[in-house]
Each structure stands twice: as structure tokens, then as C-alpha cells.
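Overview (structure and organization)
In case you want the letters, here they are:
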Amino acid sequence: MTVGRVLQPNDNGKKYLEKYGLTDDSIASLNLFLDGEAIKAEGMLEVSKGIAENWSLTNLELRKNEICSQGVAPLAQALKVNKHLLSLGVGRNKLCNAGGIQLAEALRVNQTLQVIDLEWNDLRDEFGIAMGKTIEENNSLTEISMERNKIQKDGISAIGAALAMNHKLKSLNLGWNRAKVVGAIALADGLRENDHLVSLNIAMNHIGQEGAFSIAASLADNTALQSLNIQNNRISDALIMFGESLKVNHTLRELNIESCSLSSDACVLFGNALRYLFNFCYYGNGCLH
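Because the structure is predicted, anything quoted here is derived from the model rather than measured. (Residues numbered from 1 in each chain as written. Predicted model: local features only at pLDDT ≥ 70, side-chain atom pairs only at ≥ 80, totals over all residues. Heavy atoms only, no water.)

Okay, helix 7 (residues 180-193) next. An α-helix turns once every 3.6 residues. As a result, residues three or four positions apart point the same way. The end-to-end C-alpha distance of helix 7, which contains 14 residues, comes to 21 Å, matching closely the 20 Å that a straight helix rising 1.5 Å per residue would cover. Of the positions making up helix 7, those classed as buried are Gly183, Ala184, Ala186, Leu187, Ala188, Gly190 and Leu191. (Helix = DSSP H or I, 4+ residues; strand = E, 2+ residues; numbered from the N terminus. Expected span 1.5 Å × (residues − 1). Buried < 20%, exposed > 50% of the residue type's maximum accessible area, 1.4 Å probe, protein only.)

Even without glycine at this site, Lys40 takes up a positive phi of about 60 degrees. Mapped onto the secondary structure, Lys40 falls in helix 2 (residues 40-53). Residue classification places Lys40 among the partly exposed residues on the basis of a relative accessible area of 38%. In this structure, Trp120 takes a positive phi of about 55 degrees despite not being glycine. Its location among the elements puts Trp120 in the loop between strand 4 (115-117) and helix 5 (125-137).

What follows deals with the nonpolar core. Counting 75 residues, the largest nonpolar core has Leu228 and Phe242 as its most contacted members. Broken down by element, the residue count for this core peaks at five residues, all from helix 3 (residues 69-79). With near-sequence residues (within four places) excluded, Phe242 lies in contact with Ala212, Ile215, Ala216, Leu219, Leu228, Ile230, Ile235, Leu255 and Phe270. (Core = buried A, V, L, I, M, F, W, Y, C linked by side-chain atoms within 4.5 Å. Contact = heavy atoms within 4.5 Å.)

None of this, on its own, says anything about what the molecule does.
Below is the structure:
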């Protein structure tokens, strides 16, 4: 008589995850980004059940799996009980606002996850407002990417306000959203109070000269930020303010100002401000050559 394998109460989720590659308790990372294959909602239910019971995985990559709000719902619930996962990638799916908000709410409960990638998910202001609250309350996230979504000024403003309260986040990628002037001003206000963020990407956010001026002015008070990407924004003469702030800011080491519609006069004044700075790298339009 053949006796089948008896599952212990804590099977480490292998009952659900074995088919996806968790064949051994020593495996710490699962990459389910399989070109041409998609887990979708049906598979996500299995994966989520496994994550809820798992204690060995620290990294889970689910990008480009056609996961919608219905599919991410069980994963959000699993994150509320999982205490071991450190990195989660759900970029390039179809979460939309509903799915994104579910994950944001789960991350107010989960205080273990450190890295989350939410890029390219059609996330908008409602999600941004929810994520702002999460950034304010969460004490474990160190890196968040929300690049290439459709978060506008209200959502970005909520995230900016949350930065003033957050003392854990190190890297924030908001590139290719729609912060505009209002969102940029809110981010600047947050940067004045924040003492932990070291990398900020707000490329292609339509922040304009006024928004860029606010970001630049905030650098005079900020003592943590080391890398700032503002490429593809029409900042024009706001570059002069960056130069002025860098005279007193001794922390920023990288500034990306590529394709920022800079005037010749602004470039000259910015170049003069950088003359005595060491270990500083800028990426720009070649205007200082």
C-alpha cells in the first residue's frame, strides 16, 4: 500500500507553491515573471495561499502577469499575515486603483516588507492618497517604485506630506507621473522635514519652473538626499536656484537635469555655483561644457 505525503500544519506553503518553484525550504526567491505565460487571478489565489503560510521566501517577483484588482486581493490579505517577505514586484500588471489601494492598505498592517515595485499599473490619485497614508504609517518600507503610472497632483501631494512623517524610506521613484506644480511643492515641503530619503525620481512630472524652484529651495534645508532625478521637466531658470542651494547643501551627489529646457544664462550661473563642489555628478544637456 502506498502512503501519500502527509502535509504538516506548517507546510511552508509548498502545497500551493511547489508548482511555481518552491520545491525546497531553502529557496528564498521566486521569480514568476515568465514571458508568454500569465498567472492571472486563478493562479494568484494559489500563490497567495502559499505566501500566507510561507516562512522561507524573502523575494517574490510577479511582474507582467496580467494581475488585476481581483487577482491581487488575496495577495493583499496574505501580506497582512506574512512576516518574512522582504521584496515584492508587481510591476507591469493591471492593478488599477482598486488593486493598488488594497496593497496600500495591507502595507499598513505588514511591517516587514522593505521593497515594492508598483510601476506601470494605471494607478491614479486615489491610490496615491492611500499610499500617502501608508508611507506615513509604515515602518519597514525602504524602497518604493510607482514609476509610469497616472498619479496626479492630489496623489503626489499626499505622498509629499507623508514624507515629512516618514523616517524609514530611502528610495522613492515617482518618475513619469503627473505631479505638476502643486505636487512638486508638496514634495518640496516633505523634503524639508525628511531626514532619511536618499534617492528621489520625479522625472517627466510636468513640475514646471515653479515646481522645480520649490524642490531646489528645499535642498537648502535637506541633509539626507543624495540623488535627484528631475529630467524631462521644463525647469528653465529654476536651475539657478539649484546652484544656490548646492552652495549650502553638502549631501546631494547626483542631479539629473537631462532634457529640462535650460536657458544659457541659467547654465552659466549653475556652472559657477558648482565650481568649488567636489564629488558631485550632474547629468544634463551639455550646457556646462
